[in-house]
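# Inside the fold
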Amino acid sequence: MPPIDAKPLRIGVFGGTFDPPHVGHLVTAVNVRHALALDSLILMVANVPWQKLGTRSITPAADRLAMVAAAVEDVPHLKAGDHEIRAGGHSFTADTLATLADDHPGAELFTVVGDDAAAGIRTWERADEVIARSRLVVVDRPGDPVELDEDIEWIRVEVPRLEVSSTDLRARWSDGRPLDYLLTEDVLRVIAERGLYGTDDHAPEHVTGLGS
Ligand code: ATP
Ligand code: MG
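All of the points below concern the structure found in this document. (Residues numbered from 1 in each chain as written. Chains lettered and ligands numbered in written order. Predicted model: local features only at pLDDT ≥ 70, side-chain atom pairs only at ≥ 80, totals over all residues. Heavy atoms only, no water.)

## Examining the side chain of histidine 22
- As for its position among the elements, histidine 22 is in the loop between strand S1 (10–16) and helix H1 (23–35).
- Residues contacting histidine 22, with those up to four places away along its chain left out, are Val164, Ser165, Ser166, Leu169, Leu182 and Leu183. (Helix = DSSP H or I, 4+ residues; strand = E, 2+ residues; numbered from the N terminus. Contact = heavy atoms within 4.5 Å.)

Shown next as structure tokens:
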């Protein structure tokens, strides 16, 4: 048990498919972590991203977790979350928050979402539970605030928005354009080692000399 006068832990959850994780995710994560003075910010790897089912083939969860773990390994306060993978099945933030609340009694939980995800918060499974269990944090672009559900007390954090997406990175990998500086070298290494994204046929040449 923590001492009575200990401040409650502040834990953020930043969920995603992370297929692969990129600098947009990392810049967001470190800035939100800093702005809210979180003890930890967990990049929570979705097991089965139900919103994306049927749209494309998703890299196995264990590989996505390995990439996120590589991305945050040396970053203080950022963690790779395997809770949803261990739980198996569909990933719902409401369930993940319940697990974290059990693991860390008294902790203050924060659910961090990008502006695209924030606009659709009411479509989430048991959205009311997410809102009741955590403070909602929306990552805004400077000068371009997103319109949000006014019944929710959002925390807005402005983060320099980098126009990077996992979709673009997968396309780059498959047609051989460089990915350098769009994701970390450690993540590139995991992609190469595990043969993700069709590495064998199309591995791009990296400025960083990875794989040479
Ligand atoms: P995909 O292109 O496959 O949809 P993605 O790049 O959008 O991937 P996700 O794993 O879907 O990445 O996103 C996880 C979270 O990160 C979401 O809340 C999303 O809004 C946010 N996010 C995605 N890209 C960026 C970015 N460039 N900057 C800040 N946040 C981002
Ligand atoms: Mg996305």
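## Quick look at the nonpolar core
- Counting 36 residues, the largest nonpolar core has Val32, Leu36, Leu41, Leu43, Val137 and Ile191 as its most contacted members.
- At the level of elements, H1, strand S2 (40–45), helix H2 (61–72), strand S4 (108–114), strand S5 (135–140), strand S6 (155–158), helix H7 (166–175) and helix H8 (185–194) are the ones that each hand at least two residues to this core.
- Considering every element that reaches this core, the biggest residue donor is H2, with 6 residues.
- Taken domain by domain, this core gets at least three of its residues from each of domain 1 (10–163) and domain 2 (165–212).
- Not counting residues up to four positions away in its chain, the partners in contact with leucine 41 are Gly12, Val13, Phe14, Ala29, Val32, Arg33, His77, Leu78, Lys79 and Val112.
- Grouped together as the second largest cluster of nonpolar side chains are 20 residues, Leu97, Trp124, Ala127 and Val130 included. (Core = buried A, V, L, I, M, F, W, Y, C linked by side-chain atoms within 4.5 Å. Buried < 20%, exposed > 50% of the residue type's maximum accessible area, 1.4 Å probe, protein only. Domains from an automatic or database assignment.)

## Points about H2
- Its 12 residues place the ends of H2 17 Å apart at the C-alpha level, agreeing with the 16 Å of an ideal helix rising 1.5 Å per residue.
- With 9 of its 12 residues buried, H2 lies for the most part within the structure.
- Restricting attention to buried positions, one finds in H2 the residues Ala61, Asp63, Arg64, Ala66, Met67, Val68, Ala70, Ala71 and Val72.
- Elements in contact with the buried residues of H2: H1, S2, strand S3 (78–81), helix H3 (83–87) and H8. (Expected span 1.5 Å × (residues − 1).)

## Some remarks on the site of ligand 1
- Among the 20 residues in the neighbourhood of ligand 1, the closest are listed as His22, Asp116, Leu162, Ser166 and Thr167.
- In this structure, serine 166 approaches ligand 1 through a main-chain N or O atom, which is 2.8 Å from an oxygen atom.
- In the model, an oxygen atom of ligand 1 is placed 2.4 Å from a nitrogen or oxygen of the threonine 167 side chain.
- Within the complex, the protein chains bury 87% of what would otherwise be the 590 Å² of accessible surface of ligand 1.
- At the level of elements, S1, H1 and H7 are the ones that each hand at least two residues to the shell around ligand 1. (Near = heavy atom within 4 Å. Polar contact = N/O pair within 3.5 Å; in protein donor to acceptor, adjacent residues only side chain to side chain. Areas by Shrake-Rupley, 256 points an atom, 1.4 Å probe, with all protein chains shown as cover.)

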